[in-house]
Amino acid sequence: MSRAGIGFDIQINPAQERALLRFSRQMPKQIPRVLSRAVNRTASPTAIKMIADEVGQEILLKKGSIKKRIRLQRRATPSEPSAMIAIPPAKSPSLASFRRPKDIHPRGVRVQVRANEPTQVLRHAFIRSLNGVPQILTREMPGGGISPRYPITVKRGPSVRGVFANEPGLAQRALRNISAALGRRVSHEINFELSRSVR
């Protein structure tokens, strides 16, 4: 994990490679195409959804907001049978994107960010639309405190990249799930090619 972003390399494991070796005795020329197709169909949308699901178990960000921060950076080809899914650095999502924020004027705004933490109240915050999009805002002084004389500040929550950086177990679980999905996809693609050969 680096400042450049977080990446998930989608490629076959030794067990999947053995299955391909057995298949190669029957149709050796099909191997590169079968492998690249299996990797690409696992990478998107399956792997992206699995990564988003892991993040969604930690933070209560709308699923669409999570997915748009996860990108298929590199597709597999017959000559390079691995794909890369990346979570590039990006601005943290607005707190208004999290679960059902509620304006409880004059106290502030009630919002829940993490699944394992209670709802919190942001004192003196308020909900208004900026360019047609609801946002949670405050007027914060440079040294701390709130003043109506200062410009509004959009309040933001944890980033998708930051969730993975702070919870290493998430990436490990996602990779295990992706590997299992890739194994199933490899088997499917092998059976598909074998069925075509006997038509």
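Overview of the structure. Because the structure is a prediction, the values reported are computed rather than measured.

Let's shift gears to the sheet that holds strand E2 (residues 71–74). One open sheet holds the three strands; their spatial order is E1-E3-E2, and the pairing between them is antiparallel. Each of the sheet's edge strands pairs with one partner strand only, and the pair in question is strand E1 (6–10) and E2. Averaged over neighbouring strand pairs, the angle between their axes works out to 35° when direction is ignored. Pairing of E2 with strand E3 (residues 83–87) involves three bridges; the strand directions are antiparallel. The partner of arginine 74 across the bridge, within E3, is methionine 84. Where helix H2 (residues 31–56) meets the sheet, it contacts E1, E2 and E3, and its direction lies at approximately 25° from that of E3.

A word on the pattern of salt bridges. Scanning the model with the defined rule gives nine salt bridges in all. Close ionic contact of glutamate 189 with arginine 37 constitutes a salt bridge, the shortest N to O distance being 2.6 Å. Of this pair, glutamate 189 sits in helix H5 (residues 168–197) while arginine 37 sits in helix H2, and the two are 152 residues apart along the sequence. Just as glutamate 189 is buried, arginine 37 falls in that class too. A salt bridge links arginine 41 to glutamate 189, with the shortest nitrogen-to-oxygen separation between them at 3.2 Å.

Here the focus is the side chain of threonine 42. Structurally, the position occupied by threonine 42 is in helix H2. Those residues in contact with threonine 42 that sit more than four places away from it in its chain are Ala47, Ile178, Ala181, Leu182 and Arg185.

This part covers the packing of aromatic side chains. A complete count under the given rule lists one aromatic pair for this structure. Here phenylalanine 8 and phenylalanine 164 contribute two aromatic rings whose centre-to-centre distance is 5.4 Å and whose plane-to-plane angle is 75°, an arrangement assigned as edge-to-face. Taken together, the positions of phenylalanine 8 in strand E1 and phenylalanine 164 in helix H4 (residues 160–166) put the pair 156 residues apart, joining distant regions of the chain. The class for phenylalanine 8 is buried, based on a relative accessible area of 2%. For phenylalanine 164, a relative accessible area of 0% puts it in the buried group.

Conventions we followed
Residues numbered from 1 in each chain as written. Predicted model: local features only at pLDDT ≥ 70, side-chain atom pairs only at ≥ 80, totals over all residues. Heavy atoms only, no water. Pairing = 2+ DSSP bridges. Helix = DSSP H or I, 4+ residues; strand = E, 2+ residues; numbered from the N terminus. Axes fitted to C-alpha atoms, helices over the stretch in contact; angles between N-to-C directions. Contact = heavy atoms within 4.5 Å. Salt bridge = Lys/Arg side-chain N within 4 Å of Asp/Glu carboxyl O. Buried < 20%, exposed > 50% of the residue type's maximum accessible area, 1.4 Å probe, protein only. Phe/Tyr/Trp six-rings, centres within 6.5 Å; stacked < 30°, edge-to-face > 60°.

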